[in-house]
Amino acid sequence: MVENDAAPGDAEQIAREYGASYRLCTYRGLSAARNLGVRSCFSDLLAFIDDDAVCDPDWIRNAVSLFEDERIDIVTGKVIFHSDPACTSAATHEFDPGDHLVDRKTKDWFGMTVFGGVGLGGNFIVRRDCMEQIGGFDERLGRGALMHASEENLFVFRAVDAGCRIGTCSRSLVRHPFHDSNNSDAPIRSIAISTAMVALLALEHSRHFGDLCRYLWGAIRRTPQSWRQRPVHLLEGMAKSRLKVYFALFAGPFLYAFTAITHLIGGTPNFPAKGVRGVEEIAAQSAAPKMRA
């Protein structure tokens, strides 16, 4: 178990009660915590699920069966969203990637990986060899970071671009609370992150600039994508917030620039220390070899 905070919290006691290992990640953000978790275990398969999600009893079994094919490096699955934290209410919407194989030969693999057509980070299993080849999650992205999303999208894009293959499995099921159901600004934030990702791809992966332009032109023309289904209720209210939408579109590249420069100068930021133990953990992690993200 990895806890992402300045000092240990309830997770440490929970881990002790169940005999699980515990690590404190004082580097800020989900990607940093996941990278520490990868460095702290030695299994051939690495499974990721959000801390507030509820997995189906056969979640792992159904996903792992795909790894019998040695050509598959990553398996993603279905996520059903619910309005209550216990995930007992009727589903508000779902993400179902279907049952597909995705690699560089797949039509529009670029758009599928970068813009959320392959899988979500809360239902995600990857071979350790692939994780080490890619270098882990980009610590500039993910919950808790300035670019607070799309870490899994960038990872699967880099993986497929490096020659890895992804298998998607509808039978591998996770249920997740939908926290933004009452937050009208959630779609606006999503737009800002999307344009920030466009800037990142254009500058850091320029050899795919043509693919990026083709995808953006299709988005402008509202060309339907077979792999993307946006729940209508997630976009409610956006027509009344055009100024916010335009602001988000233009703010994204500046968000990327600020994030890139900040990370280049200072690396992954730490939480402010809350006590001696938190400071010691920071020192220990700084001395340890880092996985390049």
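Residues numbered from 1 in each chain as written. Predicted model: local features only at pLDDT ≥ 70, side-chain atom pairs only at ≥ 80, totals over all residues. Heavy atoms only, no water.

(A) Region of interest: the overall build of the protein chain. Of the regular secondary structure elements, the protein chain holds 10 helices and nine strands. Looking at the protein chain as a whole, 47% of its 293 residues qualify as buried. Long-range contacts, defined here as pairs at least 24 residues apart, represent 74% of the contacts in the protein chain between residues at least 6 apart. (Helix = DSSP H or I, 4+ residues; strand = E, 2+ residues; numbered from the N terminus. Buried < 20%, exposed > 50% of the residue type's maximum accessible area, 1.4 Å probe, protein only. Contact = heavy atoms within 4.5 Å.)

(B) Highlighting the pattern of salt bridges. What the rule picks out here adds up to 12 salt bridges. Put simply, Arg128 and Glu132 hold a salt bridge, and the shortest N to O gap is 3.8 Å. One end of the pair is Arg128 and the other is Glu132, both in helix α5 (residues 128-134) and four residues apart, which spans about a single turn. We classify Arg128 as buried; its relative accessible area is 14%. In this structure, Glu204 engages Arg140 in a salt bridge whose closest nitrogen and oxygen atoms are separated by 2.8 Å. Here the residue Glu204 occupies a position in helix α7 (residues 186-204), and Arg140 occupies one in the loop between α5 and α6 (151-161), the gap between them amounting to 64 residues. According to the relative accessible area criterion, Glu204 is partly exposed, its value standing at 35%. In the salt-bridge network here, residues are joined through shared partners; they are Arg34, Asp50 and Glu151. (Salt bridge = Lys/Arg side-chain N within 4 Å of Asp/Glu carboxyl O.)

(C) Summary view of the packing of aromatic side chains. Counted under the stated rule, the structure contains 10 aromatic pairs. Centroid distance Phe81 to Phe178: 6.3 Å. Interplanar angle 75°. Geometry classified as edge-to-face. With Phe81 in strand β5 (residues 74-82) and Phe178 in the loop between β9 (166-177) and α7, the pair connects residues that are 97 residues apart, well separated along the chain. By the burial criterion, Phe81 is buried, and Phe178 matches it. The interplanar angle of 80° and the centroid separation of 6.3 Å between the aromatic rings of Trp109 and Phe110 together place this pair among those described as edge-to-face. Ring pairing ties together the aromatic residues Phe48, Phe124, Phe137 and Phe155, which thus form one cluster. A cation over a ring is seen here: Arg34 above Phe137, with NZ or CZ 5.6 Å from the ring centre. (Phe/Tyr/Trp six-rings, centres within 6.5 Å; stacked < 30°, edge-to-face > 60°. Lys NZ or Arg CZ within 6 Å of the ring centre and 35° of its normal.)

(D) Inspection of the confidence of the model for the protein chain at higher detail. When the pLDDT values of the protein chain are averaged, the result is 86; 87% of them are 70 or greater. Per-residue pLDDT stays below 50 along residues 275-293; that stretch engages in 35 contacts with residues further than four places along the chain or on separate chains. (pLDDT = per-residue confidence, 0-100.)

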